[in-house]
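Chains, contacts and geometry: an overview
Now for the letters of each chain:
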Amino acid sequence: MSAQIDHRLLSCLTPERFDPRHSAIQAVVIGCMFGSLVMAAAIPEAFGAHGLVFAGAYVAVHVGRSLLLVIISRGDERQRLQVRLTLWYGVSAVPWLTGAVVQGWPRGVLWALALAVNITAFWIGWPVPRLGRANASELAITGKFLAERHRQFFIIALGGVILDIGLGLSSNPFDADHVAAVVVAFATTVLLWRIYIHRAGEVLAEAFAASRSPLRVTVTAVNAHLVMIAGIVAISAGIHLVIRHPFGHTRSSWAAFILGGPALFLVGRATLEHTVFGRLSRSRVAGIFALVAIAPATVFLPPPLVAAFAVLVLAGVAIADAVRARGRPPEPAAPPG
């Protein structure tokens, strides 16, 4: 999961930080791409046989990237941020790797701790003795750039879902049940994109420019995308289950992915809505409550039917967006504060 959602620091590899024509920067990017590929391949068994592969690749990507950028930026003010990141990723590497060598629930607890370390460090500016915390000038990047990168990561995450749908269809019979499950899964993907892009996703760059506290908008938007992409990862796992098991009752653990993924996505998307427009989206909140309310009844329903209910909820949110915007001028960004 972290392979797809930990995109907070990719700005360090952009033209606004480092020259992408530099051969060393290109090597860092290629290394990150390969590490992300390994993590993506290990995700299905991350809590099973491939735990060490997943965690090892995660640590190698983040510690290795930051360490190389420390070397590349020596004698430069950019080095201070990279030193902070290297040290903090080194701290989180301990629970990541320790969790990888244990089995069962302790792995989940240790990995949750590792994520908490990463997220907390981001929120408090990666403080390090003598170096202090990261300041706004060290993190300053343009709103247009950030908005574009957020969209790119979102598209990549959706691409992973589409890939899972295609693999699921190709590895199962082309009968009515499996095809129906694929149709539901694809409809989910389309609705995720529609809900994301309307309207906050379109004017996110304007929100960065309009805010009196761009850094606060940056942090909140990054974490909103973190939650949304975590939801998409859960949705992808749910789709895998729906296509492979179109018959019988839905286990509670399956429902956590099939319904919990869309709910998590809506939480992140509602946060983004508030970040851009300074208001809470009622339709997204209603969708979250609807998904939670149906959860107890899912044990009596087959997985495709549970997934179809999630599609109906997402469709309701998308329709509410369209109705709200109909006949009105495009809503301008109005970030809070």
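Structural data are supplied above this passage.
In what follows, the accompanying structure is described. (Residues numbered from 1 in each chain as written. Predicted model: local features only at pLDDT ≥ 70, side-chain atom pairs only at ≥ 80, totals over all residues. Heavy atoms only, no water.)

1. Topic: helix 13 (residues 282-294)
Between its first and last C-alpha atoms helix 13 spans 18 Å; for 13 residues at 1.5 Å apiece the expected length is 18 Å, and the two agree. Buried residues of helix 13: Ser 283, Arg 284, Gly 287, Ile 288 and Leu 291, and no others. The buried residues of helix 13 occupy one face: seen down the axis, they fall within an arc of 145°. Exposed side chains of helix 13 directed beyond 90 degrees from the buried face belong to Arg 282, Phe 289, Val 292 and Ala 293. (Helix = DSSP H or I, 4+ residues; strand = E, 2+ residues; numbered from the N terminus. Expected span 1.5 Å × (residues − 1). Buried < 20%, exposed > 50% of the residue type's maximum accessible area, 1.4 Å probe, protein only. Arc of directions from axis to C-beta.)

2. Structural notes on empty space enclosed by the protein
In the structure shown here, the tally under the stated rule is 3 cavities of 30 Å³ or more. Approximately 100 Å³ is the volume attributed to the largest cavity. Together, 13 residues line the largest cavity, and Thr 188, Ile 235, Ile 239, Ile 258 and Ala 307 are the ones closest to its centre. Listed by contribution, the elements that provide at least two residues to the lining of the largest cavity are helix 8 (176-201), helix 10 (214-244), helix 11 (252-258) and helix 14 (303-325). For the lining of the largest cavity, the class distribution of residues is 11 nonpolar, 2 polar and no charged. (1 Å grid on protein atoms, 1.4 Å probe; cavity = no way out; pocket = protein on both sides within 12 Å on 5 of 7 lines; lining within 4 Å. Points joined across faces, edges and corners; volume = space filled by probe spheres on them. Nonpolar A, V, L, I, M, F, W, Y, C, P; charged D, E, K, R; others polar.)

3. Here we look at the layout of surface pockets
A volume near 370 Å³ is recorded for the second largest pocket. Along the walls of the second largest pocket sit 19 residues, with Arg 279, Asp 321, Arg 324, Ala 325 and Glu 331 positioned nearest its centre. Taken together, the elements giving at least two residues each to the lining of the second largest pocket come down to helix 8, helix 12 (260-277), helix 13 and helix 14. Element by element, the count of residues in the lining of the second largest pocket is highest for helix 14, at 4 residues. A breakdown of the residues in the lining of the second largest pocket according to their chemical character gives 6 nonpolar, 3 polar and 10 charged.

4. Looking at helix 4 (residues 78-100)
Here helix 4 spans 32 Å end to end across 23 residues, near enough to the 33 Å set by a 1.5 Å rise per residue. Considering bend angle alone, the principal kink of helix 4 is centred on Ser 92 and spans about 30°; proline Pro 95 follows within four residues of it. Those residues of helix 4 lying buried are Leu 81, Gln 82, Arg 84, Leu 85, Thr 86, Tyr 89, Ser 92, Ala 93, Pro 95, Trp 96, Gly 99 and Ala 100. (Bend = angle between axes of the 7 residues up to and from the residue.)

5. What about the packing of aromatic side chains?
For the structure shown, the criterion picks out 10 aromatic pairs. Taking the centre distance of 5.6 Å and the plane angle of 50° together, the rings of Trp 96 and Trp 111 count as tilted. Here Trp 96 is found in helix 4, whereas its partner Trp 111 is found in helix 5 (residues 105-124), with 15 residues between them in sequence. The same class applies to Trp 96 as to Trp 111, namely buried. Plain terms: the ring middles of Phe 154 and Trp 193 are 6.3 Å apart, the flat faces sit at 40° to each other, and that makes the pair tilted. Taken together, the residues span a long stretch of sequence, with Phe 154 in helix 7 (residues 143-170) and Trp 193 in helix 8 at a distance of 39 residues. The exposure class of Phe 154 is buried, given its relative accessible area of 0%. One aromatic cluster in this structure is built from Phe 47, Phe 54, Tyr 58, Trp 96 and Trp 111. (Phe/Tyr/Trp six-rings, centres within 6.5 Å; stacked < 30°, edge-to-face > 60°.)

6. Here we look at the nonpolar core
Counting 52 residues, the largest nonpolar core has Ile 232, Phe 265, Leu 272 and Val 276 as the members making the most contacts within it. If you list the elements that add at least two residues to this core, you get helix 7, helix 8, helix 9 (204-210), helix 10, helix 11, helix 12, helix 13 and helix 14. The element contributing the most residues to this core is helix 10, with 11 residues. Aside from chain neighbours lying at most four places away, what touches Leu 272 is Tyr 196, Ala 200, Leu 204, Ala 221, Ala 224, His 225 and Met 228. (Core = buried A, V, L, I, M, F, W, Y, C linked by side-chain atoms within 4.5 Å. Contact = heavy atoms within 4.5 Å.)

7. Thoughts on unusual backbone geometry
Despite not being glycine, Trp 126 has its phi angle at roughly 50°, a positive value. Secondary-structure assignment places Trp 126 in the loop between helix 5 and helix 6 (136-139). Take Trp 126: its relative accessible area is 5%, and that puts it in the buried class. The backbone phi angle of Arg 130 is positive, close to 75°, even though this residue is not glycine. With respect to the element layout, Arg 130 can be found in the loop between helix 5 and helix 6. For Arg 130, a relative accessible area of 88% gives the class exposed.

8. Describing a nonpolar patch on the surface
Where nonpolar side chains cluster on the molecular surface, the patch consists of Leu 52, Leu 97 and Val 101 and spans about 270 Å² of accessible area. With respect to the helices and strands, Leu 52 occurs in helix 3 (residues 51-72). (Patch = residues over 30% accessible without salt bridge, like charges linked within 9 Å, V, L, I, M, F, W, Y side chains within 5 Å. Areas by Shrake-Rupley, 256 points an atom, 1.4 Å probe, with all protein chains shown as cover. Salt bridge = Lys/Arg side-chain N within 4 Å of Asp/Glu carboxyl O.)

9. Section: the packing of helix 12 against helix 13
Packed helix pairs are characterised by how far apart their axes lie and by the angle those axes make with each other. Interaxial distance between helix 12 and helix 13 falls to 9 Å at its minimum, and their mutual angle equals 160°. Of the possible angle classes, the one that applies to helix 12 and helix 13 is roughly antiparallel. Considering the relative orientation of helix 12 and helix 13, their crossing is left-handed. Judged by residue contacts, Pro 262, Ala 263, Leu 266, Val 267, Arg 269, Ala 270 and Glu 273 of helix 12 engage Arg 284, Gly 287, Ile 288 and Leu 291 from helix 13. Within the contact of helix 12 with helix 13, the residues separate by chemical class into 7 nonpolar, 1 polar and 3 charged. (Axes fitted to C-alpha atoms, helices over the stretch in contact; angles between N-to-C directions. Parallel < 35°, antiparallel > 145°, perpendicular 65-115°, else oblique. Left-handed = near helix turned anticlockwise from the far one by under 90°.)

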